[in-house]
Amino acid sequence: MTKKTPLYQTHVDLQAKMVDFAGYDMPVQYTSIKEEHAAVRNNMGLFDVSHMGEFRVEGPEALRFLQSVTTNDLSTIVIGQAQYSCIPNDAGGIVDDLIIYRLAEAAYLLVVNASNIEKDYNWIAARNQYDATLTNVSDQYGLLALQGPNALAFIDGLSDLDLSGLAYYHFRVGDLFGLSDIIISATGYTGSGGVELYIPSDSLVGVWNHLLEEGKAHGLSPVGLGARDTLRLEMGYCLYGNDIDDTTSPIDAGLSWITKLSKTENFPSKDLFITQKEAGVKRRLCAIQVEDRRVPRHGYQIFSEDSQLIGQVTSGTLSPTLEVPIGLGYIDAPYHKKGTAVLIDTGRKKLKAQVVKAPFVKVN
Amino acid sequence: MNLPEDLKYTKEHEWIKLHDDNTATVGITDFAQSELGELVYVEIDTIGESIAIDEVFGTVEAVKTTSDLFMPLSGKILEFNPKLDENEEDNPGLINEDPYGDGWIVKIEISDASQVEALLSAADYGALIG
């Protein structure tokens, strides 16, 4: 049986098309993926992403503990700052990718993918040899993403907090609509700016309705997970379960920038990642633009022009902004280089495509 | 769901309008277009070909997914709706707007009329999609 966020009935009342996503009954679209996508790129849109999981890690050794299970260097962030990171497994793969918020000197909030909540919790808990507590608080938090170029100014006008100077991957904690301790962070999965709001589950429906009411005059509308996927793909962002998983290396996935091999603490597969890095690129997650009208889809094989199997598509869509098919996929060296012509096999025909530089869409 | 009584249906969510001259018009159902979401491209690269029942005769692309089109009856592809064809009007959204009308996909010539009996009625198809 699928799980529901506190906004389930609200989505149904808004006549959203509901689908099973990561075990949750979620809105894929309200009116149209293309329209919702354009709203976020040009103005702003509101997403319910409460299916995401949250863990708290607290205690004198919270930092040491988290450094030992994640690849990025968490010692570099201050209170009020967040960091994108990943949890590696022992076989060189990825347990999950996540965002870590530093709430206090020795208190962190981990935000993980819905499909991985139980797996992540068990994995992290099993490695807690530190003076720190790990608590799964997923059911206590709802998460709304208010995304788009006008989102930050809009929420700034509604909140007592001064959010005007809020830098990317920073957050403030304060009052919103009479609720206290709301986390407002300049993060998101769209590339168009905006904020994410961490709200107590029992207040989620009220905040959602209040935002849509206040936003009516500003053209604010709800946006489903369909547009969330097209927005993230235009930016070349990875989706766990599609582009990265338990078998993919963060080095191959282009996540070297969050895999800090020079940090002093050890973490699972660190030596393996160092070896991979020294050996040079074997394969790489690439951005692919198709010259045909057909769309590349997860699982399609990728061939070189001389018919060698060189990789596989992991994500694909029609870019609503560019109106051309785009995708991500792992491609063997040396075919991973920008400008390389490749062929994508749909099963019935081979589509001409080219390796390009991500992001597909430049957003101001 | 809109299920016109005068059409036949398949479990692959296609509708068939039978004509007197042994031809038929084929499209996808209202249920199918709703499940697929906004259609962005229709590819029919089999015009003039004779194709057996259940074989693929084309593909539709939606933003989120790709779906092959299967022959509801053995026959020959006579015509591809020029309103959908990328070389003509290139308006695949017509399938979403009017799946049983302007959004028709191909016209076929039926090669084995006995296969018609196995097609679903509107009531049978309605029961299938619940």
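The rules behind each value
Residues numbered from 1 in each chain as written. Chains lettered and ligands numbered in written order. Predicted model: local features only at pLDDT ≥ 70, side-chain atom pairs only at ≥ 80, totals over all residues. Heavy atoms only, no water. 1 Å grid on protein atoms, 1.4 Å probe; cavity = no way out; pocket = protein on both sides within 12 Å on 5 of 7 lines; lining within 4 Å. Points joined across faces, edges and corners; volume = space filled by probe spheres on them. Helix = DSSP H or I, 4+ residues; strand = E, 2+ residues; numbered from the N terminus. Nonpolar A, V, L, I, M, F, W, Y, C, P; charged D, E, K, R; others polar. Axes fitted to C-alpha atoms, helices over the stretch in contact; angles between N-to-C directions. Parallel < 35°, antiparallel > 145°, perpendicular 65-115°, else oblique. Left-handed = near helix turned anticlockwise from the far one by under 90°. Contact = heavy atoms within 4.5 Å. Buried < 20%, exposed > 50% of the residue type's maximum accessible area, 1.4 Å probe, protein only. Polar contact = N/O pair within 3.5 Å; in protein donor to acceptor, adjacent residues only side chain to side chain. Buried area = accessible area lost by both parts, 1.4 Å probe. Salt bridge = Lys/Arg side-chain N within 4 Å of Asp/Glu carboxyl O. Pairing = 2+ DSSP bridges.

**Q** Just checking my understanding: could you explain the layout of surface pockets for this structure?
**A** One simple way to see leftover space: roll a probe sized like a water molecule over the atoms. In this structure, the second largest pocket spans a volume of roughly 350 Å³. Ala32, Glu35, Leu36, Thr65 and Ser67 of chain B are the residues nearest the centre of the second largest pocket, which is lined by 21 residues in total. Of all the elements in the fold, those that place two or more residues in the lining of the second largest pocket are strand 1 (17-21) and strand 2 (24-29) of chain A together with helix 1 (30-36) and strand 7 (66-70) of chain B. Classifying every residue of the lining of the second largest pocket by side-chain character gives 10 nonpolar, five polar and six charged.

**Q** Honestly, the packing of helix 2 (residues 33-42) of chain A against helix 7 (residues 225-235) of chain A in this entry has me stumped. Any pointers?
**A** A packed helix pair is summarised by two numbers, namely the angle formed by the two axes and the spacing between the axes. All names here are of chain A. Where helix 2 meets helix 7, the closest approach of the two axes is 8 Å, and the angle between their N-to-C directions is 55°. It follows from the interaxial angle that helix 2 and helix 7 lie oblique. As helix 2 packs across helix 7, the resulting crossing turns out to be right-handed. Taking contact as the criterion, the partners of Ile33, Glu36, His37, Val40 and Arg41 in helix 2 are, on helix 7, Gly226, Ala227, Thr230, Leu231, Glu234 and Met235. Tallied by class, the residues present in the contact of helix 2 with helix 7 amount to five nonpolar, three polar and three charged.

**Q** I would appreciate a short explanation of helix 7 of chain A in the present structure.
**A** In an α-helix there are 3.6 residues to a turn, and that puts residues three or four apart on one side. All names here are of chain A. The buried fraction of helix 7 is high, at 11 of 11 residues. Looking at helix 7, one finds that the buried residues are Leu225, Gly226, Ala227, Arg228, Asp229, Thr230, Leu231, Arg232, Leu233, Glu234 and Met235. On its buried face, helix 7 is in contact with strand 1, strand 2, helix 2, strand 3 (45-48), strand 16 (309-318) and strand 17 (325-332). The first or second residue beyond helix 7 is glycine 236, which carries a positive phi of 80°.

**Q** I keep staring at helix 2 of chain A and nothing clicks. Help me out?
**A** All names here are of chain A. Of all the residues in helix 2, the buried ones are Ile33, Glu36, His37, Ala39, Val40 and Arg41. Residues of helix 2 that are buried make contact with strand 2, strand 3, strand 9 (141-147), strand 13 (221-222) and helix 7. Of the residues flanking the start of helix 2, the one acting as N-cap is serine 32, its side-chain oxygen 3.3 Å from the backbone nitrogen of lysine 34.

**Q** Which parts of the structure should I look at to understand the side chain of histidine 51 of chain A?
**A** Within the fold, histidine 51 of chain A resides in the loop between strand 3 and strand 4 (53-58). By relative accessible area, which is 2% here, histidine 51 of chain A ends up buried.

**Q** Is there a simple way to think about the interface of chain A and chain B in this case?
**A** Accessible area lost during the coming together of the parts is what is often quoted as the interface size. The interface of chain A with chain B comprises 19 residues on the first partner and 22 residues on the second. Summed over both partners, the interface of chain A with chain B comes to about 1600 Å²; 44% of that surface belongs to carbon and sulfur atoms. For the pair chain A and chain B, the interface holds seven salt bridges. In this structure, arginine 293 of chain A engages glutamate 86 of chain B in a salt bridge whose closest nitrogen and oxygen atoms are separated by 3.4 Å. Remark: the boundary between chain A and chain B carries 20 residue pairs in polar contact (both at pLDDT 80 or more). Breaking the side of chain A that touches chain B down by element, the ones donating at least two residues are strand 2, helix 2, helix 7 and strand 16 of chain A. The element contributing the most residues to the side of chain A that touches chain B is helix 7 of chain A, with three residues. A breakdown of the residues in the side of chain A that touches chain B according to their chemical character gives five nonpolar, five polar and nine charged.

**Q** Teacher, can you tell me more about the sheet that holds strand 4 (residues 39-43) of chain B here?
**A** Strand pairing within a sheet occurs via backbone hydrogen bonds; the two strands may be parallel or antiparallel. Residues and elements named next belong to chain B. As summarised here, the arrangement of the three strands in space is 4-6-7, forming an open sheet in which the pairing is antiparallel. This sheet does not close on itself; its edge strands, each paired only once, are strand 4 and strand 7. Shown here is a sheet whose adjacent strand axes are inclined to one another by a mean of 25°, direction ignored. Alignment of strand 4 against strand 6 (residues 56-62), held across four bridges, turns out to be antiparallel. Looking at strand 6, one finds that tyrosine 41 is bridged to glutamate 61.

Structural measurements only, silent on function.
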